[in-house]
Structures are given as structure tokens and as C-alpha cells.
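The residues making up each chain are set out below.
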Amino acid sequence: MNLRIGQGLDVHAFAPGDHVVLGGVRIPHTHSLAAHSDGDCAIHALCDALLGAAGIGDIGSQFPDSDACWEGADSRDLLRRCMSLLHDGGWRVLNADLTLVAQAPKVAPHVAAMRANLAADLGLDAGAVGIKATTSEGLGFTGRGEGIAALAVVLLTDA
Ligand code: MG
């Protein structure tokens, strides 16, 4: 049995708007996230972790933002496309673990819905999907409320 670990990081800056999308959940906020797609940095970090673990590039190479077909893309659709690429390579996911770094909005009330979304797309039980939220104690770009960062780790198996 082969095991592969992958990690991903994504950051999006705030822009004018009234909601953000994180883990496929629409969360009302004073700003939105600037992006070519829906700006779901949690899913983008997860996609990079999956693609990296499988050794098949990253979200930018698979879904280039120079390609107009990804304009306004639903990131859950990108995630499901990543899973299809993984399955083509004989991989499945054992677990995923994410950390979101944001001063605001408050993420904790939405974690259960995010886990359900990601578990459905990854083909996992919600218990195999970890999502933690933290602030950066007012430090750095997340602390100043300039954007949101997301980190993801995944474990794949070919068994
Ligand atoms: Mg992104």
C-alpha cells in the first residue's frame, strides 16, 4: 500500500462585497474575497494538497485563471474535478485537515456545514475531515483584516 501526503496553502485578499465562500459555505461578511473564481481559499488549499500528493501539479496548472472557462467557478466543482483526476491515478483520500486563518468573519458556526460539503466531495465521512479556524491575534495581513489564509493537509492511498 502506497501512502502519499500533500499540503496546500492559499490566500485571498478582501475586496468590496457582502459575503465570502469558505468550504462551499456562503458566509455573510462586510467584504468578499477577490478572485477569478468564487475565492474559496479553503477549497483551493485542499485542491493543491490533493494534486500535490498525487504528483499532478497544482490548481493553477490544472485550472489556469488565464482560461475564461474558470471565471466565477464554483470551487466545489474544481474540487470534484481534482478528485476525478486522483481516481484516474488510482488514488483515494484517507483524510483531510484544514486550518483557516481569519480575523473575521467568524468561521466556527459554519464548520459543520463545511465539513459536510468537503466530506461529500472527497468521498469521506465527516469524521475524516478536520476544519479548524484561528485568528492570527491581530498580526499580519490576516490580523489586519486584509484577507484570509487557508492551509490543508491530505493523506492518499492507492489501496
Ligand atoms: Mg485561490
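Up top is the structure.
Calculation criteria
Residues numbered from 1 in each chain as written. Predicted model: local features only at pLDDT ≥ 70, side-chain atom pairs only at ≥ 80, totals over all residues. Heavy atoms only, no water. Donors = N, O, S within 2.8 Å, 3.2 Å for Na, K, Ca; no water. Buried < 20%, exposed > 50% of the residue type's maximum accessible area, 1.4 Å probe, protein only. 1 Å grid on protein atoms, 1.4 Å probe; cavity = no way out; pocket = protein on both sides within 12 Å on 5 of 7 lines; lining within 4 Å. Points joined across faces, edges and corners; volume = space filled by probe spheres on them. Helix = DSSP H or I, 4+ residues; strand = E, 2+ residues; numbered from the N terminus. Nonpolar A, V, L, I, M, F, W, Y, C, P; charged D, E, K, R; others polar. Pairing = 2+ DSSP bridges. Axes fitted to C-alpha atoms, helices over the stretch in contact; angles between N-to-C directions. Parallel < 35°, antiparallel > 145°, perpendicular 65-115°, else oblique. Contact = heavy atoms within 4.5 Å. Expected span 1.5 Å × (residues − 1). Arc of directions from axis to C-beta. Polar contact = N/O pair within 3.5 Å; in protein donor to acceptor, adjacent residues only side chain to side chain.

Thoughts on the coordination of the magnesium ion
- Taken together, the protein donors to the magnesium ion comprise D10 (OD), H12 (NE2) and H44 (ND1), at separations of 2.2 to 2.3 Å.
- For the magnesium ion, the single-chain donor residues occur in sequence as D-x1-H-x31-H. Note on accessibility: D10 and H12 belong to one class, buried.

Observations regarding the layout of surface pockets
- Approximately 210 Å³ is the volume attributed to the largest pocket.
- Taken together, the elements giving at least two residues each to the lining of the largest pocket come down to β1 (3-16) and α2 (59-62).
- Of the residues that constitute the lining of the largest pocket, the class distribution is seven nonpolar, five polar and two charged.

Regarding the sheet that holds β1
- Spatial ordering of the open sheet is given by β4-β1-β7-β5-β6, a layout of five strands whose pairing is mixed. Every other strand in the sheet has two partners, leaving β4 (31-33) and β6 (129-134) as the edge strands with one partner each. With strand direction ignored, the average angle separating the axes of adjacent strands in the sheet is 20°.
- Sheet analysis places strand β5 (residues 92-101) next to strand β7 (residues 147-157), joined by nine bridges and oriented antiparallel.

Digging into the packing of helix α1 (residues 41-54) against helix α3 (residues 75-88)
- Running from N to C, α1 and α3 point in directions that differ by 10°, and their axes come no closer than 10 Å. On the basis of their axis angle, the class for α1 and α3 is roughly parallel. Seen from α1, the contacting residues are I43, H44, L46, C47, L50, L51 and A54; seen from α3, they are S75, R76, L78, L79, C82, M83, L85 and L86.
- Here the residues of the contact of α1 with α3 are counted per class, giving twelve nonpolar, two polar and one charged.

What to know about α3
- Taking 1.5 Å of rise per residue, the 14 residues of α3 would be expected to cover 20 Å, and the 20 Å separating its terminal C-alpha atoms lies within 8% of that figure.
- Listed in full, the buried residues belonging to α3 are S75, R76, L78, L79, C82, M83 and L86. Down the axis of α3, the sector holding all buried residues measures 155°, keeping them to one side.
- Against the buried residues of α3 lie α1, α2, β5, α4 (111-122) and β7.
- The backbone nitrogen of R76 lies 2.8 Å from a side-chain oxygen of the residue at the head of α3, namely D74.
- With its phi angle positive at about 85°, G90 sits one or two positions after the end of α3.

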